[in-house]
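# Notes for the structure review
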Amino acid sequence: MNPAGESDRSRPSATLFDAIGGEPTFRKLVDEFYAGVATDPLLRPMYPEEDLGPAADRLTLFLIQYWGGPNTYSSQRGHPRLRMRHAPFRIGVAERDAWLRHMRRAVDRLDLPQDHATALWEYLERAAFFMVNVMEDPA
């Protein structure tokens with residue numbers, strides 16, 4: 001799967017899902033992430049729900065599936081098509097960096113073994129760069 005979940009070719013061969021504690025770990029990651037998003041003036045407006053719960057559930061299910069857990073995300077929502085799903089939102093460098101800042105804090109709070117933290121972070125970083133859909137004016 002590429003950073004946006006568009007293909008299964010680069011899907012991890014070992015299941016990080018099991019290695020880091022399964023669903024509870026991914027739920028903690030996403031809960032920590034959205035705790036930051038909830039008060040972020042740049043990112044919060046991108047989430048139309050009053051409650052961030054539905055967005056958190058979608059991200060949790062996607063990450064669980066990507067890293068080798070149950071395929072509940074695809075069963076409920078179909079193919080991830082992350083770029084398409086995020087196309088209505090302006091995602092520039094500032095939004096990407098804000099997303100990464102909150103996700104970095106969330107990953108660090110998991111206190112994972114370094115190799116697992118690195119694998120997870122590298123994927124999240126690639127995905128964030130892949131989702132940028134607005135070229136910034138250099139002026």
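Going by the structure above, here's the rest.
Scope of this entry: the structure provided in the associated data block. (Residues numbered from 1 in each chain as written. Predicted model: local features only at pLDDT ≥ 70, side-chain atom pairs only at ≥ 80, totals over all residues. Heavy atoms only, no water.)

## Observations concerning helix 2 (residues 23-37)
Cut-off, in case you're wondering: Comment: elements are numbered from the N terminus, with helices defined as DSSP H or I runs of at least four residues and strands as E runs of at least two. A helix's residues, less one, multiplied by 1.5 Å, set its expected span. Working definition: with a 1.4 Å probe on protein chains only, accessible area under 20% of the residue-type maximum means buried, over 50% means exposed, and in between means partly exposed. Should any heavy atoms of two residues lie within 4.5 Å, those residues are considered in contact.
Relative to the 21 Å expected for 15 residues at 1.5 Å per residue, helix 2 spans 21 Å between its end C-alpha atoms, a close match to the ideal helical length. Taken residue by residue, helix 2 has Thr25, Phe26, Leu29, Val30, Glu32, Phe33, Tyr34, Gly36 and Val37 as its buried positions. Those residues of helix 2 that are buried lie in contact with helix 1 (16-19), helix 3 (53-66), helix 6 (93-110) and helix 7 (114-131).

## Overview of helix 6
Over its 18 residues, helix 6 extends 26 Å from the first C-alpha to the last, a length consistent with the 26 Å expected when each residue adds 1.5 Å. The elements touched by buried residues of helix 6 are helix 2, helix 3 and helix 7. Two residues or fewer past helix 6, Asp111 is found with a positive phi of approximately 55 degrees.

## Some words on the layout of surface pockets
What counts, and what does not: Here a cavity means grid points, on a 1 Å grid over the protein atoms only, where a 1.4 Å probe fits yet cannot get out; a pocket means an open set of points with protein on both sides within 12 Å along at least five of seven lines; lining residues are those with an atom within 4 Å of a point. Grid points are joined across faces, edges and corners, and a volume is the space filled by probe spheres set on the points. For this scheme, ten residues count as nonpolar: Ala, Val, Leu, Ile, Met, Phe, Trp, Tyr, Cys and Pro. Four count as charged, namely Asp, Glu, Lys and Arg, and the remainder, Gly too, count as polar.
Approximately 660 Å³ is the volume attributed to the largest pocket. Along the wall of the largest pocket there are 27 residues; nearest its centre are Tyr34, Tyr47, Leu82, His86 and Trp99. Secondary-structure elements contributing two or more residues to the lining of the largest pocket are helix 2, helix 3, helix 4 (72-77), helix 5 (82-86), helix 6 and helix 7. Of the residues contributing to the lining of the largest pocket, the split by class is 21 nonpolar, one polar and five charged.

## Here we look at the environment of Met84
Checked against the element boundaries, Met84 lands in helix 5. Accessibility expressed as a relative area gives 53% for Met84, which makes it exposed. When the C-alpha positions of Met84 and Met131 are compared, they lie 9.4 Å apart, and in sequence the two are 47 residues distant.

## Observations concerning the packing of aromatic side chains
Each aromatic ring pair is characterised by the separation of its centres together with the angle its planes make. Rules: Pairing of aromatic side chains requires ring centres within 6.5 Å, counting the rings of Phe and Tyr and the six-membered ring of Trp. Pairs whose planes differ by under 30 degrees are stacked, by over 60 edge-to-face, and all others tilted.
Throughout the structure, instances matching the rule amount to nine aromatic pairs. Ring centres of Trp67 and Tyr123 lie 5.8 Å apart, and the angle between their planes is 90 degrees; on these two criteria the pair is classed as edge-to-face. You can see Trp67 sitting in the loop between helix 3 and helix 4 and its partner Tyr123 sitting in helix 7, a full 56 residues away along the chain. Judged by its relative accessible area of 5%, Trp67 falls in the buried class. By relative accessible area, Tyr123 is classed as buried at 2%. What links up through ring pairs into an aromatic cluster is the set Phe62, Tyr66, Trp67, Tyr73 and Tyr123.

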